[in-house]
Amino acid sequence: MSTTKALSLLVFLLFVSLVHASDQCPINSIYQFGDSIADTGNLIRNGPASSPTLKPLPQRKHNVFVNFAVSGSTALNSSFFAERNLHVPATNTPLSTQLAWFKSHLRSTCHGSSSDCLKQSLFMVGEIGGNDYNYGFFQGKPMEEIRSYIPHVVGAITAAAREVIRAGAVNVVVPGNFPVGCFPIYLTSFPVKDPKAYDDKGCLKHLNEFAMDHNNQLQGAIASLRKEFPGVAIVYGDYYNAFQYVLRSERFDKSVALKSCCGIGGAYNYDGKRPCGAAGVPVCQNPNKFISWDGVHLTQKAYRFMSNFLNYQILSQIKC
């Protein structure tokens, strides 16, 4: 199992399920924006050796999945972080850049009305925004400062959704953030001595509350978008509760529920200085017992269960 497979599987499973449901709901293409949860190779293609004429991966003539997501990307432009003395990698490909790629792609592939081209498409505007907060948390910014980023992040995501709707999208999914307080990278990096700081599953409450704050503000923005565009199906993708559904499932080994499959050291089998893929870092023998793949992303089985939760939610709300 490669890391790339783990990162892209959630979106792939959603795509396959929606295509298979085409008899009831004729979705023939998905346009994906986001970060490493959905990246299927754009980070590599967007490297130093790539052309400025980067084309998103992959593209197929039938049942098209056009992916603009790039690992490590943010909802906000890099200038936002520079103004706050935060370092963001040069490879950062924010939503604004991904939208520019989308518009270029549309000009080259849609030779009639963009509304006609997109009426049987599903747009996944995210998941994105998690890295905006990660750069703050892992560079030592205080919680209250990072909390002040939320309206900006939600505003950028909302603006992206508005742009694709104006381009002709009629089915738009805007996913929320994960309960990051349950992830090995956060549990390892921000331990708390007080046992009351953890919930009944061992997750850090204050970090999950932060994620819920983002999600609540995002849902409020989505409600406003629905009023602005009453003829468009705008669905909130509940990644938070989809993950909780996986965490509380009986199909995973409870003893390793918060540990990485690919990792080493500590209570959560995660070491930021020796990440998955580094020399000497082992992989567990049975990834199907684990929820976390590398401390940051999930295993194939976990994504499969998340997709089951999300498919029902999405298919019940999109326009057919």
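Further up the page is the structure itself.
Counting starts from 1 at the beginning of each chain's written sequence and moves along it residue by residue. Where totals are concerned, whole chains, interfaces and linings use all residues; where local detail is concerned, this predicted model gives features only for residues with pLDDT of at least 70, and gives and counts side-chain atom pairs only at 80 or more. Calculation of side-chain values draws on the structure's entire complement of heavy atoms; hydrogens and water are dropped beforehand.

## Digging into the packing of aromatic side chains
- We call Phe, Tyr and Trp rings a pair once their centres come within 6.5 Å, taking the six-membered ring for Trp, and we label the pair stacked below 30 degrees between planes, edge-to-face above 60, and tilted otherwise. If you walk through the whole model with that rule in mind, you get 21 aromatic pairs.
- Residues F33 and F68 carry aromatic rings whose centres are separated by 5.2 Å and whose planes lie at 20 degrees to one another, so their mutual orientation is stacked. Here the residue F33 occupies a position in strand β1 (residues 29-33), and F68 occupies one in the loop between β2 (64-67) and α3 (78-82), the gap between them amounting to 35 residues. Assigned by exposure class, F33 and F68 land together as buried.
- Here F80 and F81 contribute two aromatic rings whose centre-to-centre distance is 5.3 Å and whose plane-to-plane angle is 80 degrees, an arrangement assigned as edge-to-face.
- Using a 1.4 Å probe on the protein chains alone, a residue whose accessible area is under 20% of its type maximum counts as buried, one over 50% counts as exposed, and one in between counts as partly exposed. The exposure class assigned to F80 is buried, which follows from its relative accessible area of 9%.
- Exposure remark for F81: the relative accessible area of 0% places this residue in the buried category.
- Cluster of aromatic residues (ring-pair linked, three or more members): Y133, F137, F138, Y186, F190 and F210.
- The positively charged end of R84 is found above the aromatic ring belonging to F80, 3.6 Å away from the centroid.
- Only when the NZ atom of a Lys or the CZ atom of an Arg is both within 6 Å of the ring centre and within 35 degrees of the ring normal do we say a charge sits over the ring. The side chain of K301 reaches across the aromatic face of F252, ending 5.0 Å from its centre. Each helix corresponds to a stretch of at least 4 residues labelled H or I by DSSP, and each strand to a stretch of at least 2 residues labelled E; elements are numbered beginning at the N terminus.

## Examining the state of the cysteines
- Note on disulfides: each one is a pair of cysteine sulfur atoms within 2.5 Å. This structure, assessed with the given rule, holds four disulfides.
- C110 shares a disulfide with C117; S-S distance 1.9 Å. Negative torsions about the S-S bond denote left-handed disulfides, and the value of about 90 degrees found for C110 with C117 makes this one right-handed.
- Bridging C262 to C276, the disulfide has an S-S length of 2.1 Å. Here C262 and C276 share a disulfide; its torsion about the S-S bond, 95 degrees, makes the bridge right-handed.

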